[in-house]
Amino acid sequence: MYEKRPVVSYRYNDPADTDLPQILNPTHTALLLIDMQNDFCLPEGKFAQSGRDCGATESIIPTCKRLLDAARAAGVFVVHIQQSTLPGCQSDNGGWLAFKTRDGKAPSYATIHTWGWEHVEPLKPCNDDESGRWFEPVVMKFRPDAFLHTHLDLILQSNGIQSVVCCGCTTEGCVLATVMGAAFHNYYTCVAEDAVATSVEGAHEHALWLMRKRYLVRGTDAIIAQWK
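Calculation rules
- Residues numbered from 1 in each chain as written.
- Predicted model: local features only at pLDDT ≥ 70, side-chain atom pairs only at ≥ 80, totals over all residues.
- Heavy atoms only, no water.
- Core = buried A, V, L, I, M, F, W, Y, C linked by side-chain atoms within 4.5 Å.
- Buried < 20%, exposed > 50% of the residue type's maximum accessible area, 1.4 Å probe, protein only.
- Helix = DSSP H or I, 4+ residues; strand = E, 2+ residues; numbered from the N terminus.
- Polar contact = N/O pair within 3.5 Å; in protein donor to acceptor, adjacent residues only side chain to side chain.
- Contact = heavy atoms within 4.5 Å.
- Phe/Tyr/Trp six-rings, centres within 6.5 Å; stacked < 30°, edge-to-face > 60°.
- Pairing = 2+ DSSP bridges.
- Expected span 1.5 Å × (residues − 1).

**Q** Teacher, can you tell me more about the nonpolar core here?
**A** Where a protein is soluble and globular, its nonpolar side chains tend to be buried together. In terms of nonpolar packing, the biggest core is built from 38 residues, with Leu31, Met36, Leu67, Val165 and Trp227 touching the most fellow members. Elements with a minimum of two residues in this core: helix 1 (20-23), strand 1 (29-34), helix 2 (38-41), helix 5 (61-74), strand 4 (163-169), strand 5 (188-197) and helix 10 (220-225). Among the elements that make up this core, the one with the highest residue count is helix 5 (six residues). Among the nonpolar cores identified, the runner-up in size contains 28 residues, and Phe147, Ile155, Cys174 and Leu176 belong to it.

**Q** What is the right way to look at the side chain of Arg218 in this model?
**A** One can find Arg218 in strand 6 (residues 216-218). Taking relative accessible area as the criterion, Arg218 reaches 17% and is therefore assigned buried. Within the local environment of Arg218, its side chain forms a polar contact with the side chain of Asp17, the two groups lying 2.6 Å apart. Residues within four places of Arg218 in sequence aside, it is in contact with Tyr12, Asp14, Asp17, Cys190, Val191, Ala192, Glu193 and Ile223.

**Q** What exactly am I supposed to notice about the packing of aromatic side chains here?
**A** Aromatic ring pairs: the centre-centre distance and the angle between the two ring planes describe each pair. Enumeration over the complete set of coordinates arrives at seven aromatic pairs. Seen in terms of ring centroids, Tyr10 and Tyr188 are 5.9 Å apart; in terms of plane orientation they differ by 40 degrees. Their pairing is tilted. Placement of Tyr10 in the segment before helix 1 and of Tyr188 in strand 5 is noted, with a sequence separation of 178 residues between them. Residue classification places Tyr10 among the partly exposed residues on the basis of a relative accessible area of 27%. The class of Tyr188 is buried, set by a relative accessible area of 15%.

**Q** Honestly, the pairing of strand 2 (residues 77-83) in this entry has me stumped. Any pointers?
**A** A regular strand places its side chains so that they alternate between the two faces of the sheet. By the criterion of burial, strand 2 is predominantly enclosed, with seven of the seven residues buried. Burial along strand 2 is two-sided: the residues Phe77, Val79, Ile81 and Gln83 and Val78, His80 and Gln82 are all buried. As defined by bridge partners, strand 1 adjoins strand 2 across five bridges and the pair is classed as parallel. Opposite Ile34, over in strand 2, you have Ile81 as the bridge partner. Direction of pairing for strand 2 relative to strand 3 (residues 138-141): parallel, over a ladder of four bridges. Each residue of the ladder has a partner; that of His80, found in strand 3, is Val138.

**Q** Got a minute to help me understand the environment of Asp17 in this structure?
**A** Within the secondary structure, Asp17 sits in the segment before helix 1. Along the sequence, Asp17 and Ala222 sit 205 residues apart, while their C-alpha atoms lie 9.8 Å from each other.

**Q** Got a minute to help me understand the environment of His149 in this structure?
**A** Along the chain, the position of His149 falls in the loop between strand 3 and helix 7 (152-158). For His149, a relative accessible area of 75% puts it in the exposed group. Linking His149 and Gly173, residues 24 residues apart in sequence, is a C-alpha distance of 17 Å.

**Q** Teacher, can you tell me more about helix 8 (residues 171-184) here?
**A** Because an α-helix completes one turn every 3.6 residues, residues spaced three or four positions apart along the sequence face the same direction. With 14 residues, helix 8 extends 18 Å between its outermost C-alpha atoms, agreeing within 8% with the 20 Å of an ideal straight helix rising 1.5 Å per residue. Buried residues of helix 8: Thr171, Cys174, Val175, Leu176, Ala177, Thr178, Val179, Gly181 and Ala182, and no others. Those residues of helix 8 hidden inside the fold are in contact with strand 1, strand 2, strand 3, strand 4, strand 5 and helix 9 (203-214). Looking one or two residues beyond helix 8, the residue adopting positive phi is Asn186, at roughly 75 degrees.

Note that all results are geometric; they support no functional claim without further evidence.
The structure is reproduced here in structure tokens:
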């Protein structure tokens, strides 16, 4: 008779974070940098030009960079997530177009191969080693969840990843959707609470409240401490 092998499961809700070193072990943890792109983060980007206040998303760039540098130093697997729109909105249908334009902005943000689509300069992917040692994959997505219709799960599984740390923007949008996607794909899921932000007033706090109820939410210092 088939017997299921024992499953080791670590705890999220331990106040002493006893299991945090196991969950965030660099050998099986990936850092997901979500949508840190010019259109979402900078005053010249399409979100700011449409009237959004992108000061909060711009302000987390140094914190994300600190997390990225620590991940690189510790050998944590790094994946850059890139929100994308095909030219002429060929990647959008009626329902998605309605969502993208709900607050009056044009749906053409993050159009591929434009300046707005590119990652902000301090957080650009590293791919300067032909051996692959310093290659950081980029996963393009056309919807908020980085796991939906992408190869992200395949890349993570291929590299033995069990846990993910999520940072980037926006807190209640692509971050929350990707966090939920990661959990639904069986990954231990951690949110760097001081390295996520949004341009929607009030949404950040509510989204973090929800994620604290369901997932690991820790500060950058606590996360980096597990990688040293």
